[in-house]
Amino acid sequence: MRYSYINPRKKTIFTKDIQLLFAFFSVTLFMLFSTYAFLIFQDNRFTQEMTDIKSQKDEYRTNIPKMENQIAAIQKQVLLAEKIFTKNIVLRDSINNLFDLVPNRITLSEAKIMENALILYGITPNKDVYNFMLQAPLRSIFHRTYSSFYPAENGWLRFVSTNYIDDEELINEN
């Protein structure tokens, strides 16, 4: 006997409500697992960054003494360069003063500057011009002054003036 006018449907466990509930649970579980995976990834990345930072820190600590040595060497080079620069300026000024010291009537052909000596080669009209105009200022500067004269072709005199500063007298003056 049949009491219904329609064909019976098969009933399933997966109704629309259960399917919706399953979709929500699966989305929630997916979000939980993806959040967990993201946190694990971030934790691993953080620990990797920590190890990298520690290795960099150790490397910097080992490089600090090397850099300090390099800085000290560079500072020594700077001091040496400043000394050389100062000596060059003093030498340049000394050479300028030397050429300012030579009068117009005397012509220098060569000048040799050494640490404690000065040798001048030149031409002078006569010994008196040399003695009064050049040798007197040289004697006030140098401790020992020697001059020798040779006749030139034009009637003037060639001279060689050798002037020395004594180290012992420099120490006594200071």
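Refer to the structure above for everything that follows.
Everything numeric in this text was worked out from a predicted model, so none of it was measured.

What counts, and at which threshold
Residues numbered from 1 in each chain as written. Predicted model: local features only at pLDDT ≥ 70, side-chain atom pairs only at ≥ 80, totals over all residues. Heavy atoms only, no water. Core = buried A, V, L, I, M, F, W, Y, C linked by side-chain atoms within 4.5 Å. Buried < 20%, exposed > 50% of the residue type's maximum accessible area, 1.4 Å probe, protein only. Helix = DSSP H or I, 4+ residues; strand = E, 2+ residues; numbered from the N terminus. Contact = heavy atoms within 4.5 Å. Phe/Tyr/Trp six-rings, centres within 6.5 Å; stacked < 30°, edge-to-face > 60°. Patch = residues over 30% accessible without salt bridge, like charges linked within 9 Å, V, L, I, M, F, W, Y side chains within 5 Å. Areas by Shrake-Rupley, 256 points an atom, 1.4 Å probe, with all protein chains shown as cover. Salt bridge = Lys/Arg side-chain N within 4 Å of Asp/Glu carboxyl O.

1. Remarks on the nonpolar core
Step number 1: Membership of the largest hydrophobic core is limited to 11 residues, which are Leu98, Val102, Ile106, Leu118, Leu120, Val129, Tyr130, Leu134, Leu138, Phe142 and Phe159.
Step number 2: Contributions of two or more residues to this core are made by strand S2 (117-124) and helix H2 (127-141).
Step number 3: For this core, the element with the highest residue contribution is H2, accounting for four residues.

2. Topic: the side chain of Thr162
Step number 1: Looking at the element boundaries, Thr162 is found in strand S4 (residues 157-164).
Step number 2: The exposure class of Thr162 is buried, given its relative accessible area of 15%.
Step number 3: Leaving out residues up to four positions away in the same chain, Thr162 has contacts with Leu118, Ile119, Arg144, Thr145 and Tyr146.

3. Quick look at the packing of aromatic side chains
Step number 1: Scanning all chains against the criterion turns up three aromatic pairs.
Step number 2: Ring geometry for Tyr130 against Phe149: centres 5.1 Å apart, planes inclined by 85°, an arrangement best described as edge-to-face. With Tyr130 in helix H2 and Phe149 in strand S3 (residues 144-151), this residue pair connects regions lying 19 residues apart in the sequence.
Step number 3: A residue is classified by how much of its surface remains accessible, and Tyr130, at 0% relative accessible area, is buried.
Step number 4: On the basis of relative accessible area, Phe149 is assigned to the partly exposed category, the value being 22%.
Step number 5: Following the ring pairs from residue to residue traces out a cluster consisting of Tyr130, Phe149 and Phe159.

4. Re a nonpolar patch on the surface
Step number 1: On the surface, Ile13, Phe14 and Ile18 cluster together into a nonpolar patch covering about 340 Å² of accessible area.
Step number 2: In this structure, Ile18 sits in helix H1 (residues 16-101).
Step number 3: In this structure Ile18 comes out as partly exposed when scored by relative accessible area, which is 36%.

Limitation: the analysis is restricted to geometry and does not speak to function.
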